[in-house]
Amino acid sequence: NSIIVYSIDRDFYTDNKFMINKKTGDITLQGPLDYETEKEIFLAVKATDQGTPPREAKVFVSIKVVDVNDNQPQIEIIYKSASDTEAQVAEDASPDSPVVAIRVTDADDG
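Residues numbered from 1 in each chain as written. Predicted model: local features only at pLDDT ≥ 70, side-chain atom pairs only at ≥ 80, totals over all residues. Heavy atoms only, no water.

Caption draft 1: Representation of the packing of aromatic side chains in the model. Applying the stated criterion across every chain yields a total of two aromatic pairs. Ring centres of Phe12 and Phe60 lie 5.1 Å apart, and the angle between their planes is 65°; on these two criteria the pair is classed as edge-to-face. Here Phe12, found in the loop between strand S1 (4-8) and strand S2 (18-20), pairs with Phe60, found in strand S5 (residues 56-64); they are 48 residues apart in sequence, far enough to count as distant. Using a relative accessible area of 43% as the deciding quantity, one classes Phe12 as partly exposed. (Phe/Tyr/Trp six-rings, centres within 6.5 Å; stacked < 30°, edge-to-face > 60°. Helix = DSSP H or I, 4+ residues; strand = E, 2+ residues; numbered from the N terminus. Buried < 20%, exposed > 50% of the residue type's maximum accessible area, 1.4 Å probe, protein only.)

Here is the structure:
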């Protein structure tokens, strides 16, 4: 039978972030993605004919999520002592004396 119905196997992928057009098989995004929590998504797509008995084929689709710059950098100040709340430097300190360290992290790739 030449009439085919497409579907996503929800036993394999239960999230509703992707939908499939039952007539064309086109897969579209339906909800937000977050690279930091899910870098790759696998869908099991079924194509079922309308014959008697119906026959089906299944293919696995891999979708890679591409990171965008959606997180701001996080800045941490590291003082000389854990009890310090401000940086201090003696007026007679020599050049290149350590004052404070700054550590920056960013959850985005790249």
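Caption draft 2: Broad picture of the environment of Phe18. With respect to the helices and strands, the residue Phe18 is situated in strand S2. Considering only alpha carbons, one finds Phe18 and Thr28, 10 residues apart in sequence, at a separation of 5.6 Å.

Caption draft 3: Structural view of the pattern of salt bridges. Under the criterion given, the structure shown has five salt bridges. When the shortest N-O distance is used, the salt bridge between Glu38 and Lys17 registers 3.9 Å. Of this pair, Glu38 sits in the loop between strand S3 (27-29) and strand S4 (40-49) while Lys17 sits in the loop between S1 and S2, and the two are 21 residues apart along the sequence. Note on Glu38: relative accessible area 27%, which makes it partly exposed. Note that Arg103 is salt-bridged to Glu76, the shortest N-O span being 3.5 Å. Of the two residues, Arg103 sits in strand S7 (residues 101-105) while Glu76 sits in strand S6 (residues 74-78), which places them 27 residues apart along the sequence. (Salt bridge = Lys/Arg side-chain N within 4 Å of Asp/Glu carboxyl O.)

Caption draft 4: The pairing of S5, seen in detail. As judged from the nine bridges shared by S4 and S5, these two strands associate in the antiparallel manner. Within S5, the position partnered with Leu43 by the bridge is Val61. Turn length for the S4-S5 hairpin, with the two strands adjacent in sequence and antiparallel, is six residues. (Pairing = 2+ DSSP bridges.)

Caption draft 5: Structural context of the nonpolar core. Counting 10 residues, the largest nonpolar core consists of Ile8, Tyr13, Phe18, Ile20, Tyr35, Ile41, Leu43, Val45, Ile63 and Val65. Contributing elements (two or more residues each) for this core: S2 and S4. Sort the elements by how many residues they give to this core and S4 lands first, with three residues. Look past the residues within four positions of Phe18 in its chain and what remains in contact with it is Ile8, Arg10, Tyr13, Ile27, Thr28, Leu29, Gln30, Leu33, Ile41, Leu43 and Ile63. (Core = buried A, V, L, I, M, F, W, Y, C linked by side-chain atoms within 4.5 Å. Contact = heavy atoms within 4.5 Å.)

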